Amino acid sequence: MRPSRVEIDLSAVAHNVGVFLERIEPAGLIAVVKANAYGHGDVPVAGAALDAGASWLAVAMVEEAARLREAGIDAPILLLSEPPADDASEISRWDLIPSVYRPEFVEALSVSVDRPTAVHLLIDTGMHRVGAAPVRAVGLAQQIAASGNLHLGGVWSHFAVAEEDEEFSRLQRDVLSEAVAAIEAEGIDPGIVHLPNTAGALYIRPESAMARVGLGLYGLHPDPSRPIADLQPAMRVVSRVSFTQRLPAGARPSYGRRRPLSAESNVATVPIGYADGVPRLLSQRGGEVLIGGRRHPFAGTVTMDQIVIDCDDDDVVVGDEVVLIGRQGSEEITADEWAERTDTISWEIVCGIGDRLPRSYHR
Ligand SMILES: *Cc1c(COP(=O)(O)O)cnc(C)c1O
């Protein structure tokens, strides 16, 4: 069996849920498990988050919700954007809570649901991705209230810069409050009003009935330079040395022959590559892995299925554990470290950890 794998610590997920519940009290927690729970495995993570006190789940699309339902999960599931109108009938089929923001979709939904269905109205307060303009909030709320099978279960919005701009975030909060007040003034109950994501719950802390927490569940901080809560990373990416060789100074391992070894070295090959989510850029930007509790640099370019590591004079043998993300002994490499080296964010790193790597789960 391929020794490269992803180990997920479900106790870390449970711990992180507890951290957020304490922080957002008395608000409820919506565990955001889209994109296969940010690469961590949606069904096991959803189960662990619900057991630890999350009230709802949220996903990006119907297919992701269907996977959870097929696994027997019966918690409320919020869809974070409107599916294509053709899929409106899937909402009843899987018993989902859709977000809505286009009158055309509300219309399609109202004729396709086969039972009373709560919908959450998404207001665009400045993110400008999806959502209804604030001036349309009342009209949509009225359309929902007037449609036979639908009712307004909630009103929500999404922060664009909660980890870096408090002023803009407070403006977004105020625009949402005004839209909610306008809906109430028409005699319509807005239902559950929710706003913060992970960064909002950590750094802005607006009043909100629920928080939609993704990244923080997995133990990562939106701004790693401000680690203000005790979060535990849940993902470890590990492999084993598959081949070793002693190479002379000046040898240039891997594609492109980019870098000469500065001295005679033990070079280890590890069967994991960019097809598994190890960014090719990592080997050009000083990336390292852990073997024997020590950091070792890449000896050459990341390839699709394998990497080469410069182990200096350390005795490294076939079968030695290699940690790409996670702790080994007293050393640790984080998803944040990969993100910083490759000019991206930890969200993209963990989502990119490929399906080709088997996941194992432990508590
Ligand atoms: C992905 C997403 C979240 C979760 O964001 P994190 O920053 O990972 O906590 C919350 N709300 C919406 C609308 C999202 O798309």
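Residues numbered from 1 in each chain as written. Predicted model: local features only at pLDDT ≥ 70, side-chain atom pairs only at ≥ 80, totals over all residues. Heavy atoms only, no water.

### Considering the site of the ligand
This is how it is decided: Working definition: residue near molecule or strand if any one of its non-hydrogen atoms lies within 4 Å of it. In the analysis that follows, any N or O atom pair within 3.5 Å is treated as a polar contact, provided that within protein one partner can donate a hydrogen and the other can accept it, and provided that, for residues neighboring in sequence, both atoms belong to side chains. Accessible surface is estimated by sampling points in the Shrake-Rupley manner with a 1.4 Å probe; for residues, cover comes only from the protein chains shown. Cavities and pockets are defined on a 1 Å grid built over the protein atoms alone: a cavity is a set of grid points where a 1.4 Å probe fits but cannot escape, while a pocket is an open set with protein on both sides within 12 Å along at least five of seven lines, and lining residues are those with an atom within 4 Å of any such point. Molecule-in-pocket calls rest on the fraction of atoms, with more than half required to lie within 2 Å of the cavity or pocket grid points. Secondary structure elements follow DSSP: runs of H or I no shorter than four residues count as helices, runs of E no shorter than two count as strands, and numbering proceeds from the N terminus.
Taken together, 14 residues sit near the ligand, with Lys34, Tyr38, Thr198, Gly214 and Leu215 positioned nearest. One of the side-chain nitrogen or oxygen atoms of Lys34 is found 2.6 Å away from an oxygen atom of the ligand. Arg129 places a polar side-chain atom, nitrogen or oxygen, 3.3 Å from an oxygen atom of the ligand. In the complex, 93% of the free accessible area of the ligand, which totals 390 Å², lies under the protein chains. Taking a 2 Å distance to the grid points as the criterion, the majority of the atoms of the ligand fall inside the largest pocket. Residue assignment for the shell around the ligand shows that the elements contributing at least two residues are helix H2 (34-38) and strand E9 (210-213).

### Overview of the packing of aromatic side chains
Quick reminder of the rule: Aromatic pairing here means that ring centres of Phe, Tyr or Trp (its six-membered ring) are within 6.5 Å. Orientation follows from the plane angle: under 30 degrees is stacked, over 60 is edge-to-face, and everything else is tilted. Any Lys NZ or Arg CZ that is within 6 Å of a ring centre and within 35 degrees of that ring's normal is treated as a charge sitting over the ring.
Tallying each qualifying case throughout the model produces one aromatic pair. The ring of Tyr203 has Arg226 lying over it, and the distance from NZ or CZ to the ring centre is 4.0 Å.

### Describing the nonpolar core
Soluble globular proteins tend to pack their nonpolar side chains together in the buried interior. Applicable threshold: Here the nonpolar core consists of buried residues drawn from Ala, Val, Leu, Ile, Met, Phe, Trp, Tyr and Cys, with membership extended through side-chain atoms lying within 4.5 Å. Burial classes follow relative accessibility: with a 1.4 Å probe on protein chains only, a residue under 20% of its type's maximum area counts as buried, one over 50% as exposed, and anything between as partly exposed. Throughout, the edges of the domains are those of an automatic or database domain assignment. The contact criterion used throughout is that any non-hydrogen atoms of two residues lie within 4.5 Å.
Core analysis: the largest hydrophobic core is formed by 113 residues, its most contacted members being Val33, Leu109, Leu121, Ile307, Leu324 and Trp338. Counting only domains with at least three residues in this core, you end up with domain 1 (10-218) and domain 2 (235-362). If near-sequence neighbours (up to four positions away) are discounted, Leu324 is found in contact with Val237, Val238, Ser239, Ile272, Val278, Val289, Ile307, Ile333 and Trp338. Formed by six residues, the second largest nonpolar core is a distinct cluster that contains Leu247, Leu261, Val267 and Val308.

### What to know about the domain arrangement of the protein chain
Stated formally: Buried area: the sum, over both parts, of the accessible surface (1.4 Å probe) that disappears when the two are put together. Within this document, salt bridges are pairs made up of a side-chain nitrogen of Lys or Arg and a carboxyl oxygen of Asp or Glu, the two lying within 4 Å of each other.
Domain boundaries assigned for the protein chain yield domain 1 (10-218) and domain 2 (235-362). Contacts between the two partners involve eleven residues from domain 1 and, on the opposite side, nine residues from domain 2. Between domain 1 and domain 2 the total buried area reaches about 900 Å² when both faces are included, carbon and sulfur atoms providing 63% of it. Among the residues of domain 1 in contact with domain 2, Tyr38, His40 and Leu215 are the three that bury the most area, contributing 49% of the side total. The interface formed by domain 1 and domain 2 holds zero salt bridges in total. Remark: the boundary between domain 1 and domain 2 carries three residue pairs in polar contact (both at pLDDT 80 or more). Going through the elements one at a time, helix H1 (10-24) and H2 are the ones with two or more residues in the side of domain 1 that touches domain 2.

### Considerations on the layout of surface pockets
For clarity, the threshold we go by: Grid points are joined across faces, edges and corners, and a volume is the space filled by probe spheres set on the points. Under the scheme applied, nonpolar residues are Ala, Val, Leu, Ile, Met, Phe, Trp, Tyr, Cys and Pro; charged residues are Asp, Glu, Lys and Arg; polar residues are all the others, including Gly.
Reported here for the largest pocket is a volume of approximately 720 Å³. Lining the largest pocket are 33 residues, and of these Lys34, Met127, Arg129, His158 and Asn197 sit closest to its centre. Of all elements in the fold, only H2, helix H9 (198-204), E9 and helix H11 (346-352) reach the threshold of two or more residues within the lining of the largest pocket. Class assignment for the residues of the lining of the largest pocket results in 20 nonpolar, seven polar and six charged. Formed jointly, the lining of the largest pocket draws a minimum of three residues from each of two domains, domain 1 (10-218) and domain 2 (235-362). As for the second largest pocket, its lining consists of 18 residues, of which Pro233, Ala234, Met235, Arg236 and Gly326 are closest to the centre. Contributing elements (two or more residues each) for the lining of the second largest pocket: strand E1 (5-9), strand E10 (235-240), strand E16 (321-328) and strand E17 (331-333).

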